[in-house]
Amino acid sequence: NAGVTQTPKFQVLKTGQSMTLQCAQDMNHNSMYWYRQDPGMGLRLIYYSASEGTTDKGEVPNGYNVSRLNKREFSLRLESAAPSQTSVYFCASRAGTGDEQYFGPGTRLTVT
Amino acid sequence: LAKTTQPISMDSYEGQEVNITCSHNNIATNDYITWYQQFPSQGPRFIIQGYKTKVTNEVASLFIPADRKSSTLSLPRVSLSDTAVYYCLVGPDYKLSFGAGTTVTVRA
């Protein structure tokens, strides 16, 4: 099993450009998450999907949109990138409430 | 959501035991306590989870007093490879953000 995979690993964008970060899991997990981690900080929740077909805002949703394409895939879209969105983005999944989260390797995004 | 407080950093030496205490005064009845470990340039990794008393696995032990207002993660006989950030999370809730965590540095 690959676990949680993320693409791309690195990306550089100019201010105002758009892009979609992809995340997929092969563990048949119900819940999926997107976090951002700024240098020296903890992870902040952007959006989550408790189950296929549902999405909800986390702590820092402004400037982002998400799509739970199917049970395996959960994408994060930046419509108009800003320098403040420079960060490392982690996707995670878990089977259900109270279960441990499994994290992907992260996407390092720089917006100039 | 239960707010957690843990030390910003701790230093240790190889072979010592490291204990990290997390305070969570307003923990709810149905909240679990979960610890994650994060190495540089990697996503966090689950270490241990508990509800009350003591839980032990091959990596760590988790001590939870009766009032559950705090918990202590114990890492026995640490090595250089245990240098990482350790996060304490409370709750089964989906809306979990990780705080700054505790940076543990193990020296030779």
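Residues numbered from 1 in each chain as written. Chains lettered and ligands numbered in written order. Predicted model: local features only at pLDDT ≥ 70, side-chain atom pairs only at ≥ 80, totals over all residues. Heavy atoms only, no water.

## Examining the overall build of chain B
Part 1 of the reasoning: Within chain B, the regular secondary structure consists of 0 helices and 9 strands.
Part 2 of the reasoning: For chain B, the sequential pattern of α-helices and β-strands runs β-β-β-β-β-β-β-β-β.
Part 3 of the reasoning: Here chain B has a C-alpha radius of gyration of 13 Å; the compact-globule value for 108 residues is 13 Å, and the two agree.
Part 4 of the reasoning: With the C-alpha coordinates aligned to their principal axes, the bounding extent of chain B is approximately 40 × 30 × 20 Å.
Part 5 of the reasoning: Out of the 108 residues in chain B, the part that is buried amounts to 43%.
Part 6 of the reasoning: A fraction of 54% describes how many contacts in chain B between residues 6 or more apart in sequence connect residues 24 or more apart.
Part 7 of the reasoning: Surface accessibility of chain B: about 5,500 Å² in total, with carbon and sulfur atoms responsible for 51%. (Helix = DSSP H or I, 4+ residues; strand = E, 2+ residues; numbered from the N terminus. Rg over C-alpha atoms; globule rule 2.2 N^0.38 Å. Buried < 20%, exposed > 50% of the residue type's maximum accessible area, 1.4 Å probe, protein only. Contact = heavy atoms within 4.5 Å. Areas by Shrake-Rupley, 256 points an atom, 1.4 Å probe, with all protein chains shown as cover.)

## Quick look at empty space enclosed by the protein
Part 1 of the reasoning: Taken as a whole and assessed by the stated rule, the structure comprises 1 cavity of 30 Å³ or more.
Part 2 of the reasoning: Estimates place the volume of the largest cavity at around 60 Å³.
Part 3 of the reasoning: Contributing to the lining of the largest cavity are Arg94(A), Gly98(A), Asp99(A), Glu100(A), Gln101(A), Thr34(B), Tyr36(B), Gln49(B), Leu89(B), Gly91(B) and Leu96(B).
Part 4 of the reasoning: For the lining of the largest cavity, the residue count by class is 3 nonpolar, 5 polar and 3 charged. (1 Å grid on protein atoms, 1.4 Å probe; cavity = no way out; pocket = protein on both sides within 12 Å on 5 of 7 lines; lining within 4 Å. Points joined across faces, edges and corners; volume = space filled by probe spheres on them. Nonpolar A, V, L, I, M, F, W, Y, C, P; charged D, E, K, R; others polar.)

## Some thoughts on the sheet that holds strand 1 (residues 9-13) of chain B
The strands making up a sheet associate through backbone hydrogen bonding, with each pair oriented either parallel or antiparallel.
Residues and elements named next belong to chain B.
Part 1 of the reasoning: Taken together, the 5 strands give an open sheet; going across it, the order is 1-9-8-3-4, and neighbouring strands pair in mixed fashion. Strands at the two margins of the open sheet, each flanked by one partner only, are strand 1 and strand 4 (45-50). If you compare each strand with its neighbour and ignore which way they point, the axes differ by 25 degrees on average.
Part 2 of the reasoning: As paired elements, strand 3 (residues 33-38) and strand 8 (residues 84-90) share 6 bridges and run antiparallel to each other. Of the residues in strand 8, the one forming a bridge with Gln38 is Val85. (Pairing = 2+ DSSP bridges. Axes fitted to C-alpha atoms, helices over the stretch in contact; angles between N-to-C directions.)

## Overview of the interface of chain B and chain A
Part 1 of the reasoning: Taken together, the contact pairs 18 residues of chain B with 23 residues of chain A.
Part 2 of the reasoning: Between chain B and chain A the total buried area reaches about 1,600 Å² when both faces are included, carbon and sulfur atoms providing 52% of it.
Part 3 of the reasoning: The interface formed by chain B and chain A holds 0 salt bridges in total.
Part 4 of the reasoning: Counting across the interface, chain B meets chain A through 4 residue pairs in polar contact (both at pLDDT 80 or more).
Part 5 of the reasoning: Elements supplying a minimum of two residues to the side of chain B that touches chain A: strand 3 and strand 4 of chain B. (Buried area = accessible area lost by both parts, 1.4 Å probe. Salt bridge = Lys/Arg side-chain N within 4 Å of Asp/Glu carboxyl O. Polar contact = N/O pair within 3.5 Å; in protein donor to acceptor, adjacent residues only side chain to side chain.)

## Re the state of the cysteines
Residues and elements named next belong to chain A.
Part 1 of the reasoning: What the rule picks out here adds up to 2 disulfides over all chains.
Part 2 of the reasoning: Two residues share a disulfide in this structure: Cys23 and Cys91, whose sulfurs sit 1.8 Å from each other. Because the sign of the S-S torsion sets the handedness, a value of about -70 degrees for the bond joining Cys23 and Cys91 places this disulfide among the left-handed ones. Of this pair, Cys23 sits in strand 3 (residues 19-25) while Cys91 sits in strand 9 (residues 87-94), placing them 68 residues apart in sequence. Take Cys23 and Cys91: they sit in the same class, and that class is buried. (Disulfide = S-S within 2.5 Å.)

## Concerning unusual backbone geometry
Part 1 of the reasoning: In this structure, the amide linkage connecting Thr7(A) to the following residue, Pro8(A), adopts the cis form with an omega of -5 degrees.
Part 2 of the reasoning: Turning to its location among the elements, Pro8(A) is positioned in the loop between strand 1 (4-7) and strand 2 (10-13).
Part 3 of the reasoning: Positive phi, close to 60 degrees, is recorded for Arg68(B), a residue that is not glycine.
Part 4 of the reasoning: Checked against the element boundaries, Arg68(B) lands in the loop between strand 6 (61-64) and strand 7 (70-75).
Part 5 of the reasoning: For Arg68(B), a relative accessible area of 8% corresponds to the buried category.
Part 6 of the reasoning: In this structure, Arg77(B) is a non-glycine residue whose phi angle is positive, near 45 degrees.

## Observations concerning the side chain of Asp31(B)
Residues and elements named next belong to chain B.
Part 1 of the reasoning: Here Asp31 is to be found in the loop between strand 2 (18-23) and strand 3.
Part 2 of the reasoning: Summary of buried charges: Asp31 has no salt-bridge partner, and the nearest side chain of opposite charge, Arg68, is 5.8 Å away.
Part 3 of the reasoning: In this structure the side chain of Asp31 is engaged in a polar contact, spanning 2.9 Å, whose partner is the backbone nitrogen of Ala28. (Lys, Arg positive; Asp, Glu negative; His and termini not counted.)

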